[in-house]
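Survey of secondary and tertiary structure
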Amino acid sequence: MSFLAIDIGNTRLKWALYASPQPGAVLLAHGAVFLENIDQLADSDWRALPAPHSVLGCNVAGDAVRRRVEEQLELWDIEPRWVVSSAQAGGVTNGYDHPGRLGTDRFVALIGARAHVLARATAERPARAALVVMIGTAVTVDALDASGRFLGGLIMPGHGIMLRALEGGTAGLRVPTGEVREFPTNTSDALTSGGTYAITGAIERMHRHLQKREGAMPLTLMTGGAGWKVSPTLDIEHELVDSLIFDGMLALQSHRLAL
């Protein structure tokens, strides 16, 4: 009952093959490719893999990219399912004004976070709220209450977009990447520090909102390709979980099979 999970972001496609479609399943293989290299998957990364029994994908890159991935999946003559954001799934109630418009990556990450919350819950320490942070091309900061209801969240530019916007809108800012400093004294460090503190400041603000609303410290989970860059400067307790979207897809697939 092997299961292939596919996460198509704005820059890269990540995939993971699991021994079974359930939380905690053994990871058999995984990889990542830039979107421009998708058309080589069947002849490279996937060529030596055993045919999965089922495939579930999460896609935020548009229909054209999805079709290219489906062409590569013809290697196994298997039809994938694609996540669609809904009003409720995987233990999460979607509080977005229009539930179907919530990005599928955010929806699946919330489901993954809920699975983490429930796995850690005990009689002495019941399920708690969660703050779900994704750091990639864009940054999202989403709040999930203790009952599993998505309360809302933030979307902001990732660090790269911020820098490109400054380069395009000002003169003389094409400088090397700097370091994060408390008091930057050169332009490179000022740009890197400014972008990083803008992101961490938004995360910390949403953390305060959620803690105040729930009356307890939320579990903060960070994921995304650039999470490791932001994590050292975030002044709240948090965990880096690279597999959070895959964890959400495992929970979704397991729930579907149990119905």
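Structure report, in brief. (Residues numbered from 1 in each chain as written. Predicted model: local features only at pLDDT ≥ 70, side-chain atom pairs only at ≥ 80, totals over all residues. Heavy atoms only, no water.)

Quick word on the overall build of the protein chain
- The helix and strand tally for the protein chain stands at 6 helices and 12 strands.
- A globule of 259 residues ought to have a C-alpha radius of gyration of about 18 Å, and the protein chain, at 19 Å, matches this closely.
- For the C-alpha atoms alone, the extent of the protein chain along its principal axes is close to 55 × 50 × 35 Å.
- When the 259 residues of the protein chain are sorted by exposure, 47% land in the buried category.
- The long-range share in the protein chain, meaning contacts at least 24 apart out of those at least 6 apart in sequence, stands at 56%.
- Summed over all atoms, the accessible surface of the protein chain reaches about 13,100 Å², with 52% contributed by carbon and sulfur.
- When the 23 basic and 27 acidic side-chain charges of the protein chain are each reduced to a single mean position, those positions are 5 Å apart. (Helix = DSSP H or I, 4+ residues; strand = E, 2+ residues; numbered from the N terminus. Rg over C-alpha atoms; globule rule 2.2 N^0.38 Å. Buried < 20%, exposed > 50% of the residue type's maximum accessible area, 1.4 Å probe, protein only. Contact = heavy atoms within 4.5 Å. Areas by Shrake-Rupley, 256 points an atom, 1.4 Å probe, with all protein chains shown as cover. Lys, Arg positive; Asp, Glu negative; His and termini not counted. Charge placed at Lys NZ, Arg CZ, Asp CG, Glu CD.)

Notes on the layout of surface pockets
- Within this model, the largest pocket holds a volume of roughly 920 Å³.
- As for the largest pocket, its lining consists of 36 residues, and the residues nearest its centre are I135, G136, T137, A138 and G225.
- At the level of secondary structure, the elements contributing two or more residues to the lining of the largest pocket comprise β1 (3-8), β2 (12-18), α2 (104-120), β8 (130-135), β9 (138-144), α3 (159-169), α4 (187-214) and α5 (227-230).
- Looking at the lining of the largest pocket residue by residue, the class counts come to 14 nonpolar, 15 polar and 7 charged.
- Empty space within the second largest pocket amounts to approximately 330 Å³.
- What lines the second largest pocket is a set of 20 residues, among which K14, H30, D242, S243 and F246 lie closest to the centre.
- Taken together, the elements giving at least two residues each to the lining of the second largest pocket come down to β2, β3 (27-34) and α6 (244-258).
- For the lining of the second largest pocket, the element with the highest residue contribution is β2, accounting for 5 residues. (1 Å grid on protein atoms, 1.4 Å probe; cavity = no way out; pocket = protein on both sides within 12 Å on 5 of 7 lines; lining within 4 Å. Points joined across faces, edges and corners; volume = space filled by probe spheres on them. Nonpolar A, V, L, I, M, F, W, Y, C, P; charged D, E, K, R; others polar.)

Structural notes on the side chain of H116
- Here H116 shows up in helix α2.
- The buried category is assigned to H116, whose relative accessible area is 19%.
- The residues contacting H116, other than those within four sequence positions of it, are L221, V241, L244 and D247.

Thoughts on the packing of aromatic side chains
- Scanning the entire structure with this criterion turns up 3 aromatic pairs.
- For the pair W15 and W46, a centre-to-centre distance of 6.5 Å together with 85° between the ring planes defines the contact as edge-to-face. Of this pair, W15 sits in strand β2 while W46 sits in the loop between β3 and β4 (54-59), placing them 31 residues apart in sequence. Each member of the pair, W15 as well as W46, carries the same accessibility label: buried. (Phe/Tyr/Trp six-rings, centres within 6.5 Å; stacked < 30°, edge-to-face > 60°.)

A few points about the pairing of β9
- β9 sits mainly inside the fold: 6 of its 7 residues count as buried.
- Summarising the sheet, β8 and β9 pair through 6 bridges and their orientation is antiparallel. In the strand pairing of β9, A130 is matched with L144.
- Linking two consecutive strands that pair antiparallel, namely β8 and β9, is a turn of 2 residues.
- In this sheet, strand β10 (residues 149-157) lies alongside β9 in antiparallel orientation, the contact comprising 7 bridges. Its bridge partner being in β10, D142 is matched across the sheet by G153.
- The antiparallel pairing of β9 with β10 creates a hairpin that spans 4 residues between the two strands, and G148 there sits at a positive phi of about 95°. (Pairing = 2+ DSSP bridges.)

Structural notes on the sheet that holds β10
- An order of β6-β7-β10-β9-β8-β11-β12 is seen for the 7 strands of this open sheet, with the pairing classed as mixed. The two strands at the open ends of the sheet, each matched to only one other strand, are β6 (88-89) and β12 (239-240).
- Relative to strand β11 (residues 219-223), β8 is paired through 5 bridges, and the arrangement is parallel. Note on β11: the bridge partner recorded for M134 is T223.
- On the sheet, α4 packs against β8, β9, β10 and β11 and is oriented at approximately 165° with respect to β10. (Axes fitted to C-alpha atoms, helices over the stretch in contact; angles between N-to-C directions.)

Points about unusual backbone geometry
- Although it is not a glycine, D77 sits at a positive phi angle of roughly 55°.
- Residue position: D77 is located in the loop between α1 (63-73) and β5 (81-82).
- Looking at D77, the relative accessible area reads 74%, which means it is exposed.

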